[in-house]
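# Examining the three-dimensional arrangement
The primary structure of each chain is shown beneath.
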Amino acid sequence: MSPSRTTELGSTGIMVSRLGTGTNRWAQGENDEPVYEAFKALLDGGVYFFDTAEVYTGGRSERLLGGCLHRDRRSIIVASKYMPYPTRLTKGQFNEALDATLERLGEATLDLYYIHMPPTLTSIESLMDDMAEAVSAGKIRSVGVSNFSAEQLRRAATQLENYGLTLAANEVEYSLTNRGPEENGVLDACKEIKASLVAYRPLSRGLLAVNNARGNPAMKTLESIADRHEVKVGQIALAWLLQKDPIVIPIPGATKMEHALENMSALNIVLKDDEFRELDEVSKPR
Ligand SMILES: NC(=O)c1ccc[n+]([C@@H]2O[C@H](COP(=O)([O-])OP(=O)(O)OC[C@H]3O[C@@H](n4cnc5c(N)ncnc54)[C@H](OP(=O)(O)O)[C@@H]3O)[C@@H](O)[C@H]2O)c1
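Notes on the structure follow.

### Thoughts on the overall build of the protein chain
Of the regular secondary structure elements, the protein chain holds eleven helices and ten strands. Taking the principal axes of its C-alpha atoms as reference, the protein chain extends roughly 55 × 40 × 30 Å. Relative to its 286 residues, the protein chain shows a buried fraction of 44%. Put simply, 79% of the contacts in the protein chain that link residues at least 6 apart link residues at least 24 apart.

### Brief notes about the site of the ligand
Around the ligand, a shell composed of 27 residues is seen, among which G22, Y200, L203, G206 and G253 lie nearest. By residue number, the principal contributor to the shell around the ligand is helix α10 (residues 257–264), which donates three residues. Here the shell around the ligand is composed, by residue class, of seven nonpolar, 13 polar and seven charged.

### Notes on the environment of R277
Turning to its location among the elements, R277 is positioned in helix α11 (residues 273–282). As a C-alpha pair, R277 and W240 span 37 residues in sequence and 9.6 Å in three-dimensional space.

### Structural notes on the sheet that holds strand β6 (residues 112–115)
The strand order across the open sheet built from eight strands is β3-β4-β5-β6-β7-β8-β9-β10, with neighbouring strands paired in parallel fashion. Each edge of the open sheet carries a strand with a single partner, namely β3 (21–22) and β10 (248–250). In terms of strand pairing, strand β5 (residues 77–82) meets β6 through four bridges, oriented parallel. Within the sheet, the bridge partner assigned to A79 lies in β6 and is L112.

### So, the nonpolar core
One finds Y113, L153, A156, L167, L197, A199 and A237 to be the most contacted residues of the largest nonpolar core, which totals 82 residues. Considering every element that reaches this core, the biggest residue donor is helix α9 (residues 233–244), with eight residues. Here A199 is in contact with Y174, S175, L241, V248, I249, P250 and I251, once residues within four sequence places are set aside.

### A closer look at the environment of Q159
With respect to the secondary-structure elements, Q159 resides in helix α5 (residues 150–161). Taking the C-beta count within 10 Å as the criterion, Q159 has 21 such neighbours and is therefore assigned buried. In this structure the C-alpha to C-alpha distance between Q159 and S80, which are 79 residues apart in sequence, comes to 21 Å.

### Some thoughts on unusual backbone geometry
Unlike most non-glycine residues, K194 shows phi in positive territory, near 60 degrees. Counting through the fold element by element, K194 comes out in the loop between α7 (186–193) and β9 (196–200). K194 gets classed as partly exposed once you count the C-beta atoms within 10 Å, which come to 15. Positioned with a positive phi, E230 is a non-glycine residue whose angle comes to about 55 degrees. The class of E230 is exposed, set by 6 C-beta atoms lying within 10 Å.

### Regarding helix α1 (residues 33–44)
Given a rise of 1.5 Å per residue, twelve residues ought to cover 16 Å, and the 17 Å separating the end C-alpha atoms of α1 matches this to within 8%. Of all the residues in α1, the buried ones are V35, A38, F39 and L42. The buried residues of α1 occupy an angular sector of 105 degrees when projected down its axis, which confines them to one face. Across from the buried face of α1, at angles greater than 90 degrees, the exposed residues are E33 and D44. On its buried face, α1 is in contact with β3, α2 (60–72) and α10. One or two residues past the end of α1 sits G46, with phi positive at roughly 85 degrees.

### Observations concerning the packing of helix α8 (residues 217–229) against α11
Running from amino to carboxyl end, α8 crosses α11 at an angle of 160 degrees, the nearest separation of the two axes being 9 Å. Classified by the angle their axes make, α8 and α11 are roughly antiparallel. Every pair of crossing elements has a handedness; the one defined by α8 and α11 is left-handed. From α8, P217, A218, T221, L222 and I225 reach across to α11, where they touch E275, E278, L279 and V282. Counted by class, the contact of α8 with α11 contains six nonpolar, one polar and two charged residues.

About the cut-offs
- Residues numbered from 1 in each chain as written.
- Predicted model: local features only at pLDDT ≥ 70, side-chain atom pairs only at ≥ 80, totals over all residues.
- Helix = DSSP H or I, 4+ residues; strand = E, 2+ residues; numbered from the N terminus.
- Buried ≥ 20, exposed ≤ 12 C-beta atoms within 10 Å, placed from the backbone.
- Contact = placed C-beta atoms within 7 Å.
- Near = placed C-beta within 6 Å.
- Nonpolar A, V, L, I, M, F, W, Y, C, P; charged D, E, K, R; others polar.
- Pairing = 2+ DSSP bridges.
- Core = buried A, V, L, I, M, F, W, Y, C linked by C-beta atoms within 7 Å.
- Expected span 1.5 Å × (residues − 1).
- Arc of directions from axis to C-beta.
- Axes fitted to C-alpha atoms, helices over the stretch in contact; angles between N-to-C directions.
- Parallel < 35°, antiparallel > 145°, perpendicular 65-115°, else oblique.
- Left-handed = near helix turned anticlockwise from the far one by under 90°.

Right, dumping it as structure tokens:
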């Protein structure tokens, strides 16, 4: 059976497409039109969960996503992120950053707001207090964290519980070339607290999306399975993540329409049990 095309973000009640799209390379060039074409193609194909951050292309990624949203007018789910720089220590700075994100997106409310990295000079708990206040002010609908360890995300979830809130997601790197979340307890912790695991760099920055004649055994396995399914290697890499666990939501970055189209058709691929196991085995860290 193909993976479901939508899923709940943690236990927030917010539905997102099972595959999202990363935008950290959006608005890099002179011409944003190809990105808008990719955006429309993604919505046509039912991919409507977009991941941005205040730090992506100096805020231009958020601005371009907002521009696409207001040109197209279809409803999407937007996630953005707050960077807890060591110089950002106050609630006022948090609110200022959130307001600037909302202004760039041209929206009154953000669906999901992440803490981009574990903080160094503020506490996880005080940032969760700021997040909870933003939820009650109606500025954000749900709270996430990114690059948090299992212990850090449990702390975040525990603090949110004081406000009757749940942690929506932990966004971490996860792919066939980075099995960290399985090894370091993050995947299990997400399941335990019912948060989604949003998988960034699911194509290992594009390396898993190109055939590599000098590839290692994992790449060769990927290529032979892709040949069998008559699809591209990147689609198999995404299909593996989609089948790995229902809480995993991969967010491949794409600035080109053909990439967006290829990536979303990973949702139609069903890996046979032996193909899934072979990929799983051959890509394990040794
Ligand atoms: N939370 C964090 O700390 C964090 C860190 C890194 C990334 N992220 C998020 O995760 C998203 C994804 O990560 P990523 O963009 O770094 O890496 P990625 O998704 O693994 O790879 C993106 C690269 O692969 C290329 N690509 C995409 N689809 C392709 C296809 N079908 N065939 C060939 N090439 C393809 C893209 O090219 P084109 O651009 O030319 O389409 C781009 O160069 C980011 O956009 C960002 O939103 C979050």
